[in-house]
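This is what each chain is made of:
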6 protein chains.
Amino acid sequence: MTSVVACFGEVLLRFAASDGATLRDTTKLDVHVGGAEANVAVALANLGIATRMISALPDNPLGTLALKTLRREGVDTAYLATGKGRMGTYFLTPAAGSRGGEVLYDREGSVFSSGDAVSPTALHGATHLHVSGISLAVSSTASATTRALTKEAKQRGLTLSFDGNYRPSLWQATGRDGRDEIAEMVDMADLFFGNYKDASLLLGREFSGENGSRMREAALALLNEFSSLKAVSSTARHIENGTTHRISARIDSRNASAESEERSLTGIIDRIGTGDAFAAGVLANWLEDPEDLQSAVDSGLALSAMKHY
Amino acid sequence: MTSVVACFGEVLLRFAASDGATLRDTTKLDVHVGGAEANVAVALANLGIATRMISALPDNPLGTLALKTLRREGVDTAYLATGKGRMGTYFLTPAAGSRGGEVLYDREGSVFSSGDAVSPTALHGATHLHVSGISLAVSSTASATTRALTKEAKQRGLTLSFDGNYRPSLWQATGRDGRDEIAEMVDMADLFFGNYKDASLLLGREFSGENGSRMREAALALLNEFSSLKAVSSTARHIENGTTHRISARIDSRNASAESEERSLTGIIDRIGTGDAFAAGVLANWLEDPEDLQSAVDSGLALSAMKHY
Amino acid sequence: MTSVVACFGEVLLRFAASDGATLRDTTKLDVHVGGAEANVAVALANLGIATRMISALPDNPLGTLALKTLRREGVDTAYLATGKGRMGTYFLTPAAGSRGGEVLYDREGSVFSSGDAVSPTALHGATHLHVSGISLAVSSTASATTRALTKEAKQRGLTLSFDGNYRPSLWQATGRDGRDEIAEMVDMADLFFGNYKDASLLLGREFSGENGSRMREAALALLNEFSSLKAVSSTARHIENGTTHRISARIDSRNASAESEERSLTGIIDRIGTGDAFAAGVLANWLEDPEDLQSAVDSGLALSAMKHY
Amino acid sequence: MTSVVACFGEVLLRFAASDGATLRDTTKLDVHVGGAEANVAVALANLGIATRMISALPDNPLGTLALKTLRREGVDTAYLATGKGRMGTYFLTPAAGSRGGEVLYDREGSVFSSGDAVSPTALHGATHLHVSGISLAVSSTASATTRALTKEAKQRGLTLSFDGNYRPSLWQATGRDGRDEIAEMVDMADLFFGNYKDASLLLGREFSGENGSRMREAALALLNEFSSLKAVSSTARHIENGTTHRISARIDSRNASAESEERSLTGIIDRIGTGDAFAAGVLANWLEDPEDLQSAVDSGLALSAMKHY
Amino acid sequence: MTSVVACFGEVLLRFAASDGATLRDTTKLDVHVGGAEANVAVALANLGIATRMISALPDNPLGTLALKTLRREGVDTAYLATGKGRMGTYFLTPAAGSRGGEVLYDREGSVFSSGDAVSPTALHGATHLHVSGISLAVSSTASATTRALTKEAKQRGLTLSFDGNYRPSLWQATGRDGRDEIAEMVDMADLFFGNYKDASLLLGREFSGENGSRMREAALALLNEFSSLKAVSSTARHIENGTTHRISARIDSRNASAESEERSLTGIIDRIGTGDAFAAGVLANWLEDPEDLQSAVDSGLALSAMKHY
Amino acid sequence: MTSVVACFGEVLLRFAASDGATLRDTTKLDVHVGGAEANVAVALANLGIATRMISALPDNPLGTLALKTLRREGVDTAYLATGKGRMGTYFLTPAAGSRGGEVLYDREGSVFSSGDAVSPTALHGATHLHVSGISLAVSSTASATTRALTKEAKQRGLTLSFDGNYRPSLWQATGRDGRDEIAEMVDMADLFFGNYKDASLLLGREFSGENGSRMREAALALLNEFSSLKAVSSTARHIENGTTHRISARIDSRNASAESEERSLTGIIDRIGTGDAFAAGVLANWLEDPEDLQSAVDSGLALSAMKHY
Ligand SMILES: Nc1ncnc2c1ncn2[C@@H]1O[C@H](COP(=O)(O)OP(=O)(O)O)[C@@H](O)[C@H]1O
Ligand SMILES: Nc1ncnc2c1ncn2[C@@H]1O[C@H](COP(=O)(O)OP(=O)(O)O)[C@@H](O)[C@H]1O
Ligand SMILES: Nc1ncnc2c1ncn2[C@@H]1O[C@H](COP(=O)(O)OP(=O)(O)O)[C@@H](O)[C@H]1O
Ligand SMILES: Nc1ncnc2c1ncn2[C@@H]1O[C@H](COP(=O)(O)OP(=O)(O)O)[C@@H](O)[C@H]1O
Ligand SMILES: Nc1ncnc2c1ncn2[C@@H]1O[C@H](COP(=O)(O)OP(=O)(O)O)[C@@H](O)[C@H]1O
Ligand SMILES: Nc1ncnc2c1ncn2[C@@H]1O[C@H](COP(=O)(O)OP(=O)(O)O)[C@@H](O)[C@H]1O
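Computed from a predicted structure; not experimentally measured. (Residues numbered from 1 in each chain as written. Chains lettered and ligands numbered in written order. Predicted model: local features only at pLDDT ≥ 70, side-chain atom pairs only at ≥ 80, totals over all residues. Heavy atoms only, no water.)

1. A few points about helix H2 (residues 61–72) of chain F
Residues and elements named next belong to chain F.
- With twelve residues, H2 should reach 16 Å at 1.5 Å per residue; the first-to-last C-alpha distance of 16 Å fits that figure.
- Among the residues of H2, Pro61, Leu62, Gly63, Leu65, Ala66, Lys68, Leu70 and Arg72 are the ones counted as buried.
- Of the residues flanking the end of H2, it is Gly74, one or two places downstream, whose phi is positive at about 90 degrees. (Helix = DSSP H or I, 4+ residues; strand = E, 2+ residues; numbered from the N terminus. Expected span 1.5 Å × (residues − 1). Buried < 20%, exposed > 50% of the residue type's maximum accessible area, 1.4 Å probe, protein only.)

Laid out in structure tokens, this is it:
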């Protein structure tokens, strides 16, 4: 059966200071579309997989700009609702050499976080749903919508991937640590993007990312706890300096595991969205053959590596 | 006595689609600072008048960007408070030839409209306060702050200018027509920027802008009603087509009036902020010599004309 | 029945000298998508009409660039074939003030003109086909493909619009005047975009565009000669100077006609694609209500006017 | 005999505020080459006439930039000397709509005005020399060099054109009105670009530019006074407003005269260098046929008109 | 005797995606002039050597753009013919960090490859001719013209340098491996730019680039086979990663050889044209003193290194 | 007591070739403000320290541009005088990869070097003065003004920091080595930015920068010679290649010293102003606590490191 993937989450506009300036001093902004799940949708569509975005946008020029950009990339935009509220945005000073980047989220009151109704046919014809933990943390309405949609997906027989995408700052703002909602999602997922830190949070005891066998330990503990889960995948990053990183990745199922070779990346420009590219690469392969773990993790890392430039 | 002017109102960042694109299709935004009262402050500072801005900004890179831009223009930024909330912004498709411009305000939840406390020393050392009707319409807290600050100004003996700046869309969103608040402000003002339409609203009967004597009629009715008012000034615009306008201006006191010659402007690029430039030009002259109405209105129109390019 | 429009023709990439430079001196080119029929497709999609493009592109980065740009605008790109040959392009020095523009076509050997196979399902589900005379002149294979596709459309019961788009230079290069092929197309069309000059060519006698009644004369002669034809529409342009034009438009059926008011456009930037915008505006209305000629011609002229900026 | 024209004068770099900004606020400058005589040289080379530039540049990156730009346009740069001093420059806020432009010359201490030696072979092989009054006003060394070179040209049998290019601000700075030096040059010239104001200065009595016959009067008085002079040519400009001008031109010999039709130019961007373009157009034609005054004046005006955009 | 070098080959326009975008997504292209032999001509002219380009360009704005750019760099453009056909172009996604670049040639039907006549005086006054293997592979007419011109050069007593510039893709398109044409050229050359791979192709047995002595072996075999050959020169590149390379170079004559030190280049931006810069550096020195091999190879490598940024 | 720092020196405009071009080939320049002491002022203001600039600017658009840019950064511009002369400028080809940068100073005849009067109240209210050796070398008037102002500062009880900033090329142009003037300044300073080379010049014997103890030796010799001096600070730079440097820093007082850890910087873009950033970081800390040498040197190095990007 050919996959039809639905990605659910907030679509953000990204406004980045141009020409090496910082936000404090810039006279121009470069406009791009972002948002973790939208990034995954774009990457999947570029890989030739039929992909739709489920989200809500304002009925104004910025909402149209976001929609047109997704459409340009081949994402099916027919399931984007319009609703009341603002366009979710973020402002960025890109990293430059050893100078770190700076992100300013400006998404309060966005259509998505106001939880405007999802189209009732949003999942019709889809075979897989991809969701991330960011939607749980953004607002309580968004969290409720996310969980309801995921349940509907399970009932309709879709497979599910869930990217933890743990953002401490977002969760702090809610006053909770998100453990219960995240667990509820992982419990429904077939494929979970998360590492030993997520395992520590979810299972309430410390795991370590020190080496391959400790990481498998954490993955197995998750697979043990959550019975529908088929696989757990994550990346590890060693930062030598601002522009040189070493990255590697792994995926674990109950009875097998695959590790990529470590890749050294020099002259890195920007790491935004590299986690999303990884998820897309793994997911695209996993949908085609869930047994071929090695291809999944290699594709994921290759896509992620490309995204650093 | 040398004037020290305080302008109170919301500082906005203006993000305009560059290179002739529309917001729906742009890949770059040009960043400027706007907001009616901030425009007046910049224009006054450029005329060499000591001018401060009283407002509140977020403590983030966008707030800093706004502050630095005002400071560049010579506006005293020492009285800008920081507070909770977003940076107020607006997005713009600039007009081009016969194609009209399009403005999208994105200022909900801004620090200013949340009414964060004004510095208690904000008026110390100032001799004049300039305020506009936009601050009354933006939110009820902003309206309360505006009126309180204006009262304090009166008590401290400052003179006051008030620009009606009537924005139907803003007032509609409040469910009121603003008549009472505006009247409260005009009642305290020395100089009012408003035309026959404002007179109609405030006095509850129809006035006309048909010709000079009808406009003087409206001004005199206002001067009659509001006893501290010294002068009323306004512009009139005849739009021949998208890029060619004819503009003129007048000012009326109880026993005198001055009219400018009509100016024909061709190849107009952008009329945003032209009303603010007019107010600044009139105000600067009026502060120096409140009797010389002709200079006031001529300077105002000259500044306004320049702002169309 | 909801319309599904198919536009057939060559998709071109347009490379325009930026920042006011000429092609001879430029260091940057601005990239856009053009081609008369693709312009119509984009305009129709922007009006909310389901529109597909039937054409052939090279399987290389430039072909992908063209496809993604059409997709961004909401044009259905599922019926674009890939084939051997180059991407069709044109280079442009935009007009500036009284300085005229300059166009350099560079489309020899393009996939489209090499006549690569049209997808056999290209017309499935479509209700209307739009074609232009440019495709007849571009190459003999393109001409053959155009006529074959049009015949198939008629057999399938689609309605047909045909824009003469007479380009003397293109026809001169073929050594023919195109009369026979054009007549063959008009004979199948329901709606023909052409004026008194096209009538002169097709009917072999002189018509005049001097005034409304002479223009109706030419239209009636065409409606007389071509029995399936329902309506004939055209624009007239009076050039006052490089940046000021007056434009008007008309449409004629056998027993009715509608004329727009003349519009004066000042500060014109660029007239490329204004004829295509007109065709799209007329067509969109005609598809909805073929009797309402006035709306058709007014919409067409409004869209065309906007395109000058 | 085929003409080989030598232009003598200062080559300037022109730094203009970009993107509509003023010099006071710009973050980018656009770089071009200017200088009245260099403008003439570029225009002549573009008309296909063998043209060399005689001047002196600093041996630094800015000097090289100026040389390469002239070379790009086909001007022979083999006779450019290098010398001590700075590159002559000027900074520009371009005009925009009704806002006038602003020029800031920054040429003190330039190589040219320091009078560094002209190559002894500078005139070898040349048939015509073009000079302007600016070189007389720039510095006393420059003035001396100009007159010496012109004398050498006369001795070598070259024809001479002289553009008065009267710049009040430059002459004021010298404390003289330039009458004597200018007269010395006109006395050697075959073709003089100057109008009734130049006649007034040179002949010490008032002439008028009111209409054609008064202008011929002034020209004849000059032809009377200066016996080697063959023709006098000038333009007249009527400024309707910032972006709309009407221009016309005339040329007078002793027994004939030619006037162009008046041209109306709308949407004017920039009038810098339009006088130089006129001189080049007239000169190119005059060199080919000194009797055909009408062609000369028409070509001059056409080139000048184009330069306004 | 002062050298006058003629470079023969196709002049290409290079259109590169700007601002870090790929060709598939770009909205702007940066325009440069390229083509292997034109790159050599520009580099030689910048070194102060009298250099002309022999090639053919279309008589249209793109041809003019190419000509003006070469002229700017000081290349003598008087021997560029005009002919029928297109301008040869290539499109480029520049490399960025670990992401490789992508080149799309679009040169079919170009004036050069159509073999339009070379000016009969093209070699008059020249002392040296530089040619590359690309011209042999581009089309059979180009190949014939190349060989004819080279023979004429030999007859006129010019020295000859030949850069193999082996492009597998170009040769594959011809269905031949080029061995015979290349051999014919090397047989006439004084200086050959080629390495052990070229030796393998030309001599029909395997050579190795493993170390200095194996490379000298290959060079000596070539010098042995081709009796007029005086020297063979080549570079070797060790790619550590996308932005860090180590490069070295050597030159061999029958009885001497010189090797450069290996240079490590970090933060490499672009390697296009680095081989051409090497050839120019070696050639410039060789023309002055064919015995000083060390200077030749050091200059070549220095120029090549600079070209990576 | 809260510090109020006055920086004295020439404000320069910096015009840098944009988009990777060299000055010889650029069509655009990026405009920034520079000058060693102005760089220090901007850095101090950004650290929140009340900072004024004492200098002289021309009363023209370029002077205004410089003033507005300093004001934007929060530097107090009330003590900038206007005077006769040009704006001091420099032109820059930025470094790129292994290609070194190139600077062209164009400051002759500048207002500052012409020594126009310093405002008599320039030091009123200031607690500290920062000066550099560049002002001594620029012109004899500038040198005299510098020393006079410094003496006045001592008399008023201000503390003094002096950055040697030894520029061989500037001193060579004066025909002196500057030893006496520099010594005069160091003799008045509390904090001296200089290394073992400065010690060698000032004390007339050789010192070495080989390792920490040799560097302390040089610093102690200076502290010994100049009795009011409290501390000496310097950086050391090890250049691995164009884009990778290792930098470290130290500060010595009579009875203590502090060294930073060495930092490795990769992907360096530009080292202009990095010495000024270091001085600002050290000075800011030293003003707050002159005993805490470690914080001073660490802050200085951190700021300097950031400035490389
Ligand atoms: N707080 C947030 N809210 C919403 N989206 C976020 C947030 N933080 C990051 N993202 C999105 O997540 C995407 C992935 O971020 P990335 O830096 O690759 O993280 P990681 O590798 O840790 O998953 C980014 O493109 C951004 O759009
Ligand atoms: N709804 C609004 N809220 C806040 N500021 C506004 C609003 N509408 C306009 N402005 C500001 O008012 C300024 C003046 O607008 P302008 O077009 O000159 O109007 P007018 O001539 O009618 O006064 C603009 O620069 C903009 O920043
Ligand atoms: N020779 C041609 N071949 C292909 N397309 C063309 C040609 N000439 C013009 N076009 C296309 O036709 C479109 C319409 O041109 P336009 O200037 O509006 O003409 P008109 O108003 O006469 O129909 C342009 O966008 C261009 O892409
Ligand atoms: N003071 C000056 N010094 C040197 N060149 C000047 C000066 N003023 C103008 N120019 C040059 O003269 C050229 C012609 O100026 P333009 O505005 O066309 O004047 P006009 O039409 O009066 O001759 C400009 O390109 C500029 O380079
Ligand atoms: N197929 C080709 N046809 C024509 N020119 C080519 C081709 N491939 C490369 N070039 C030209 O050759 C030049 C040299 O390429 P370069 O990457 O330095 O190769 P190398 O080091 O292998 O010689 C480039 O500037 C490009 O213009
Ligand atoms: N000759 C000079 N005249 C004036 N200022 C100079 C000169 N050379 C450098 N500068 C200024 O000094 C500042 C510091 O230069 P930098 O490269 O950091 O040197 P260092 O680290 O040796 O102190 C630069 O921003 C520049 O503006």
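2. Topic: the packing of aromatic side chains
- All chains considered together, the criterion is met by 45 aromatic pairs over all chains.
- Their ring planes at 15 degrees and their centres at 6.1 Å tell us that B:Tyr166 and B:Trp171 sit as a pair that is stacked.
- Since its relative accessible area comes to 1%, B:Trp171 is described here as buried.
- Plain terms: the ring middles of C:Phe15 and E:Phe91 are 5.7 Å apart, the flat faces sit at 40 degrees to each other, and that makes the pair tilted. (Phe/Tyr/Trp six-rings, centres within 6.5 Å; stacked < 30°, edge-to-face > 60°.)

3. A word on the relation of the copies chain E and chain C
- For the pair chain E and chain C, the best superposition has an RMSD of 0.0 Å and corresponds to a rotation of 180 degrees with a translation of 0.0 Å parallel to the axis. Here the copies are linked by what is in effect a two-fold axis. For chain E, the smallest separation between a C-alpha atom and the rotation axis is recorded for E:Leu29, amounting to 2.5 Å.
- By residue overlap, the copies meet face to face through one surface: 100% of the interface positions of chain E are interface positions in chain C. (Least-squares fit on C-alpha atoms with pLDDT ≥ 70 in both. Contact = heavy atoms within 4.5 Å.)

4. Considerations on the site of ligand 2
All names here are of chain B.
- Residues in close proximity to ligand 2 total 16 residues, the closest being Asn39, Tyr105, Arg107, Arg167 and Asp276.
- Gly273 places a polar main-chain atom, nitrogen or oxygen, 3.3 Å from an oxygen atom of ligand 2.
- Considering every element that reaches the shell around ligand 2, the biggest residue donor is helix H9 (residues 274–288), with three residues. (Near = heavy atom within 4 Å. Polar contact = N/O pair within 3.5 Å; in protein donor to acceptor, adjacent residues only side chain to side chain.)

5. Details of the interface of chain E and chain C
- Contact with chain E, which involves 23 residues of that partner, is made by 23 residues of chain C.
- Together, the buried faces of chain E and chain C total about 2200 Å²; carbon and sulfur atoms form 62% of this surface.
- Applying the counting rule to chain E against chain C returns six salt bridges.
- Salt-bridge contacts for E:Asp30 lead to C:Lys28; the nearest nitrogen and oxygen are separated by 2.4 Å.
- For the interface between chain E and chain C, the tally reads nine residue pairs in polar contact (both at pLDDT 80 or more).
- Of all the elements in the fold, those that place two or more residues in the side of chain E that touches chain C are strand E3 (28–34), helix H2 (61–72) and strand E7 (102–106) of chain E.
- The greatest single-element share of the side of chain E that touches chain C, amounting to five residues, is contributed by H2(E).
- Taken together, the residues of the side of chain E that touches chain C break down into nine nonpolar, five polar and nine charged.
- Bridging between strand E3 (residues 28–34) of chain C and E3(E) involves three bridges; their strand directions are antiparallel. Its bridge partner being in E3(E), C:Lys28 is matched across the sheet by E:Asp30. (Buried area = accessible area lost by both parts, 1.4 Å probe. Salt bridge = Lys/Arg side-chain N within 4 Å of Asp/Glu carboxyl O. Nonpolar A, V, L, I, M, F, W, Y, C, P; charged D, E, K, R; others polar. Pairing = 2+ DSSP bridges.)

6. Focus on the site of ligand 1
Residues and elements named next belong to chain A.
- Taken together, the neighbourhood of ligand 1 is formed by 17 residues, with Asn39, Tyr105, Arg107, Arg167 and Asp276 sitting nearest.
- The contact in question runs from a nitrogen atom of ligand 1 to an N or O atom on the side chain of Tyr105, over 2.6 Å.
- A distance of 2.9 Å separates an oxygen atom of ligand 1 from a polar backbone atom of Gly275.
- Coverage of ligand 1 by the protein chains reaches 83% of its 580 Å² of free accessible surface.
- Listing elements by their share of the shell around ligand 1, those giving two or more residues are helix H1 (36–46) and helix H9 (274–288).
- Broken down by element, the shell around ligand 1 gets its largest block of residues, three residues, from H9. (Areas by Shrake-Rupley, 256 points an atom, 1.4 Å probe, with all protein chains shown as cover.)

7. Regarding the relation of the copies chain B and chain A
- When chain B is fitted to chain A, the residual RMSD is 0.1 Å, and the transformation amounts to a turn of 180 degrees plus an axial shift of 0.0 Å.
- Here 100% of the interface residues in chain B have copies in chain A that are interface residues too; the copies meet face to matching face.

8. Digging into a negative patch on the surface
All names here are of chain C.
- Where like charges cluster on the molecular surface, the negative patch consists of Glu261, Glu288, Asp289, Glu291, Asp292 and Asp298.
- Here Glu261 lies in the loop between strand E13 (257–259) and strand E14 (263–265).
- Judged by relative accessible area, Glu261 falls into the exposed class, the value being 68%. (Patch = residues over 30% accessible without salt bridge, like charges linked within 9 Å, V, L, I, M, F, W, Y side chains within 5 Å. Lys, Arg positive; Asp, Glu negative; His and termini not counted. Charge placed at Lys NZ, Arg CZ, Asp CG, Glu CD.)

9. Observations regarding the sheet that holds strand E7 (residues 102–106) of chain A
- The eight strands lie next to each other as E7(A)-E6(A)-E2(A)-E3(A)-E3(B)-E2(B)-E6(B)-E7(B), forming an open sheet whose pairing is mixed. Pairing within the sheet leaves two strands with one partner each, and these edge strands are E7 of chain A together with strand E7 (102–106) of chain B. Neighbour-to-neighbour, the strand axes of the sheet open up by a mean angle of 30 degrees, direction not taken into account.
- As judged from the four bridges shared by strand E2 (residues 12–17) of chain A and strand E6 (residues 89–93) of chain A, these two strands associate in the parallel manner. Bridge pairing links A:Arg14 to A:Tyr90 in E6(A). (Axes fitted to C-alpha atoms, helices over the stretch in contact; angles between N-to-C directions.)

10. Quick look at the sheet that holds strand E2 (residues 12–17) of chain E
- Read from one edge to the other, the open sheet built from eight strands follows the order E7(C)-E6(C)-E2(C)-E3(C)-E3(E)-E2(E)-E6(E)-E7(E), with strand pairing classed as mixed. Every interior strand has two partners, whereas the edge strands, strand E7 (102–106) of chain C together with E7 of chain E, have only one. In this sheet, neighbouring strand axes are inclined to one another by 30 degrees on average, regardless of whether the strands run parallel or antiparallel.
- With six bridges connecting them, E2(E) and E3(E) associate as antiparallel partners.

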